[in-house]
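Spelled out, the chains give:
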Amino acid sequence: MAEADAGTGEDAPADNPYVREPDTEFAPVDDLDADAASEQAALLREALRYHDYRYYVRNDPVIGDRAYDQLFSRLEALEDEFDLATDTSPTQRVGAEPLDELASVDHVAPLLSLDSSGDADDVRSFADRVAREADRDDLAFVCEPKFDGLSVAVTYVDGEYEQAATRGDGETGEDVTENVRTIDSVPLQLRGDPPAFLVVRGEVYMPRDAFQAHNRERVERGDDPFANPRNAAAGTLRQLDPSVTAERPLDCFFYDVLAAGEEAVDGVEPSRGGLDVGLDSHWAEHQQLPDWGLKVDREAELVEDIEAAVDYRNRLGERREDLNYEIDGVVVKVDDRQTCLELGTTARHYRWAYAYKFPAREEVTTVADVTVQVGRTGRLTPVALLDPVDVGGVTVSRASLHNRDEIRAMGVGVGDAVRVQRAGDVIPYVAEVVEDRSEGHFEFPESCPRCGSDVEFDGPNAFCTGGLTCPAQLVRSVEYFTDVLDVEGVGEEAAEQFVEAGVVEESVADLYDRSVEDLAELEGWGETSARNLLTELDDARNPPLGEFLAALGIPEVGPTVADDVAREFGTLEAVLDASETDFERVDGVGEVVAGHLAEFFENDRNRDVVARLRDDSRLGEPEPADVEGGGAELEGVTFVFTGSVEGWTRSELQALVERHGASATGSVSGNTDYLVVGESPGQSKRDAADANDVPQVDPGEFFALLEDRGITVEQS
Ligand code: IVH
């Protein structure tokens, strides 16, 4: 791989200066005439596609992120200035408008499904049947992971991305073109010399690490986490707003050519694959797809016989948890395409392929009881207590029943046999009732099981209206507050005990008022443990403002949002003074969260708790945060940016001024106050600024202007 290490390989486009790490700055955009700009844009697109290919398909990038970003920004600037964007430019992944519904699409060939089993003997019988019907005993097989995602058919015309559709009922799917377009690893233009018409089949999935990070963010925002990566991918792929899809980390593996030829067709035998373009085996397709820029999984193997396929499945099974994507078995496919065509299909399955599944991470067990848990924000979660059962190596005795709507839809009751699933390292959940043995279905309570207050419903979600008068909420809030501030020694049990014994009566602030004697009296406590706890509380004195805000347990305000708020306002005082509109100005805070923040701080009881905590010598004033955003210093000022500013992206700059109350717009007019002119600026914006007498400032002047207004910016 010496060549690749040197920067590029033989696969790099010839005579393209941008396939290497760029070593010079670009000349200003307006030094170019239209022809030169269009030529440079074409080279940049070609180079960026090459870099995407090296990164996503070959997993062996030749330039770093920074250099990539530099090329990308330059292309954006050229396309912007000279109106050069093409549909398949790497810059055109988002931008489509939200839809009212997904249109339906007829598939060129039915997308059939696979016969499957978890039993090796069934797989051997499949191979015997194939050998008999094809009258051959030397058939090789391609083995590959069976991805647990969503099947899609993606169409390329003249090498350009044209359409993506879900499997649907196999004949007709849903048009998800704009959503799949946002998946960075799906090329918008193919490499090499692809056939004029190509439909490939693949699987869209959410990588495991990305799923976990995404779920954490959801929980922090107060949204329900997805149950597993597959659901997350499904919900994301079928989004009506492609900009939402773009924010979520989807990926795609391709595994099959569905149709290929020199012209479009719309009725292809389902087993024809790439035969019409000379791809006479699956393995040949596997080699060809990456050369067209389509990502295939490297785990795939060509094996000589079915015993080797069985062995492949067992080996992969041992590494299942190490892969960054969920798989539920392996797919074994006859390699030779002509044989596949002869074997054909049944109404639902291909006769030449078989899914050899892994043991399921789900089990059937009995519901012993149903309880409702009360969370810190008063949210009620129904939980099934189960006869303990081993689900893929973990003993499960409790499982989530989601919410009232799910319970109703499932019709679950005590005594029912239910199917419990565990997936993607998340809490087990009840997937369905397999046998209804209960006297009656569980009815969601109308009042809080802990304090008797009314239950309020918000869609399928239920909340206790008791606030901190509900002991369950009080317990959780004490537990949560101390956990966020890293106070050791207050778990669920201790928090329960404090509330029960009246050590905590109204809020966590009570705990800070207690003496060693108060705590030492508690059952199982003594002077030492009481002293230890008070020392722990002391150690967490003057917490950073963000941490303090997070610890208050305001709905949808987790650590990230709390830090953003802290950075915007700086001091607790400023937060207490903020209005709903002020909260809305915080980057990362939408209307809903701003509403929660305003509601929390408008409530006198909450203000009282906050005041008691800050006045308490044990907790004290939260440490002010470094203000990145200061609110309204730039109110009424309108900026336009052109060209690049080192260390900043365009949207970071816009967000920066917006955080301080300014507007940032895309074009210069009489209302513009400043045009900030970076490297390689656009001439048309400068001309418009001249025409409208808009002052033009360079980045240095821009940052000085911010400083004059009292805004400190950490330059990256
Ligand atoms: S091959 C043209 N290969 O499994 C052959 N399918 O139960 C089509 N699947 O709907 C099937 N990974 O969504 C094939 N490596 C793989 C697969 C795979 C996942 C899915 C596919 C299909 C389902 C069949």
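Above this text you will find the structure in question.
Residues numbered from 1 in each chain as written. Predicted model: local features only at pLDDT ≥ 70, side-chain atom pairs only at ≥ 80, totals over all residues. Heavy atoms only, no water.

**A short note on the site of the ligand**
Working step 1: What surrounds the ligand is a group of 16 residues, the closest being Glu144, Pro145, Phe147, Glu203 and Asp256.
Working step 2: Pro145 places a main-chain nitrogen or oxygen 3.0 Å from a nitrogen atom of the ligand.
Working step 3: One nitrogen or oxygen atom from the side chain of Tyr255 is found 3.5 Å from an oxygen atom belonging to the ligand.
Working step 4: Protein burial of the ligand: of its 520 Å² of free accessible surface, 93% is covered by the chains.
Working step 5: Listing elements by their share of the shell around the ligand, those giving two or more residues are strand 2 (113–117), strand 3 (141–147), strand 7 (197–205), strand 8 (251–261), strand 10 (327–334) and strand 11 (349–357).
Working step 6: With four residues, the single largest contributor to the shell around the ligand is strand 3.
Working step 7: Grouping the constituent residues of the shell around the ligand by class yields seven nonpolar, two polar and seven charged. (Near = heavy atom within 4 Å. Polar contact = N/O pair within 3.5 Å; in protein donor to acceptor, adjacent residues only side chain to side chain. Areas by Shrake-Rupley, 256 points an atom, 1.4 Å probe, with all protein chains shown as cover. Helix = DSSP H or I, 4+ residues; strand = E, 2+ residues; numbered from the N terminus. Nonpolar A, V, L, I, M, F, W, Y, C, P; charged D, E, K, R; others polar.)

**What about the packing of helix 2 (residues 34–57) against helix 3 (residues 65–82)?**
Working step 1: With their axes 9 Å apart at the nearest point, helix 2 and helix 3 run at an angle of 145° to one another. Crossing hand, helix 2 versus helix 3: left-handed. Across from Ala34, Ala37, Gln40, Ala41, Leu44, Arg45, Leu48, His51 and Asp52 in helix 2, the residues of helix 3 making contact are Tyr68, Leu71, Phe72, Arg74, Leu75, Leu78, Glu79 and Phe82.
Working step 2: Grouping the amino acids of the contact of helix 2 with helix 3 by side-chain chemistry returns 11 nonpolar, two polar and four charged. (Axes fitted to C-alpha atoms, helices over the stretch in contact; angles between N-to-C directions. Left-handed = near helix turned anticlockwise from the far one by under 90°. Contact = heavy atoms within 4.5 Å.)

**Regarding the nonpolar core**
Working step 1: Phe498, Leu549 and Phe601 are the most contacted members of the largest nonpolar core, which totals 57 residues.
Working step 2: It is helix 22 (residues 591–602) that provides the largest number of residues to this core, a total of six residues.
Working step 3: Excluding its chain neighbours within four sequence positions, the residues that come into contact with Phe601 are Leu549, Leu552, Ile554, Val575, Leu576, Phe583, Arg607 and Val610.
Working step 4: One finds Ala120, Ala134, Ile306 and Cys340 within the second-largest nonpolar core, a separate group that totals 34 residues. (Core = buried A, V, L, I, M, F, W, Y, C linked by side-chain atoms within 4.5 Å. Buried < 20%, exposed > 50% of the residue type's maximum accessible area, 1.4 Å probe, protein only.)

**Comments concerning helix 3**
Working step 1: For helix 3, with 18 residues, the first-to-last C-alpha span of 26 Å sits near the 26 Å given by 1.5 Å per residue.
Working step 2: All of the buried residues in helix 3 are Ala67, Leu71, Arg74, Leu75, Leu78 and Glu79. Taken down its axis, helix 3 places every buried residue within 130° of arc, on the same side. For helix 3, the exposed residues lying more than 90 degrees away from the buried face are Asp65, Arg66 and Asp80.
Working step 3: At its buried positions, helix 3 is contacted by helix 2. (Expected span 1.5 Å × (residues − 1). Arc of directions from axis to C-beta.)

**Examining the side chain of Glu144**
Working step 1: With respect to the secondary-structure elements, Glu144 resides in strand 3.
Working step 2: We classify Glu144 as buried; its relative accessible area is 3%.
Working step 3: Among the polar contacts listed, one links the side chain of Glu144 to the side chain of His286, at a separation of 3.1 Å.
Working step 4: In this structure, Glu144 is in contact with Tyr255, His286, Ala300, Tyr312, Val330, Val331 and Lys333, ignoring residues within four places of it in sequence.

**Some thoughts on helix 9 (residues 282–291)**
Working step 1: Burial in helix 9 covers these residues: His282, Glu285, His286, Leu289 and Pro290. For helix 9, the buried positions fall inside an angular range of 125° around the axis, keeping them on one side.
Working step 2: Looking one or two residues past helix 9, Gly293 carries a phi angle of roughly 95°, positive in sign.

**As for the pattern of salt bridges**
Working step 1: Taken as a whole and judged by the stated rule, the model has 44 salt bridges.
Working step 2: Put simply, Arg419 and Glu362 hold a salt bridge, and the shortest N to O gap is 2.7 Å. Residue Arg419 is located in strand 15 (residues 417–421), and its partner Glu362 is located in strand 12 (residues 362–374); the two are separated by 57 residues in the primary sequence.
Working step 3: The class of Arg419 is buried, set by a relative accessible area of 18%.
Working step 4: Residues joined in a network through salt bridges with shared partners are Asp11, Arg54, Arg58 and Asp60. (Salt bridge = Lys/Arg side-chain N within 4 Å of Asp/Glu carboxyl O.)

**Section: unusual backbone geometry**
Working step 1: For Asn59, which is not glycine, the phi torsion reads 60° and is therefore positive.
Working step 2: Along the polypeptide, Asn59 turns up in the loop between helix 2 and helix 3.

**Remarks on the packing of helix 13 (residues 471–484) against helix 14 (residues 492–501)**
A packed helix pair is summarised by two numbers, namely the angle formed by the two axes and the spacing between the axes.
Working step 1: For the pair helix 13 and helix 14, interaxial distance at closest approach is 9 Å and the crossing angle is 130°. Compared by their axis directions, helix 13 and helix 14 come out oblique. When the axes of helix 13 and helix 14 are compared, the crossing they make is right-handed. Taking contact as the criterion, the partners of Pro471, Leu474, Val475, Arg476, Val478 and Glu479 in helix 13 are, on helix 14, Glu492, Ala495, Glu496, Phe498 and Val499.
Working step 2: Here the residues of the contact of helix 13 with helix 14 sort into seven nonpolar, no polar and four charged. (Parallel < 35°, antiparallel > 145°, perpendicular 65-115°, else oblique.)

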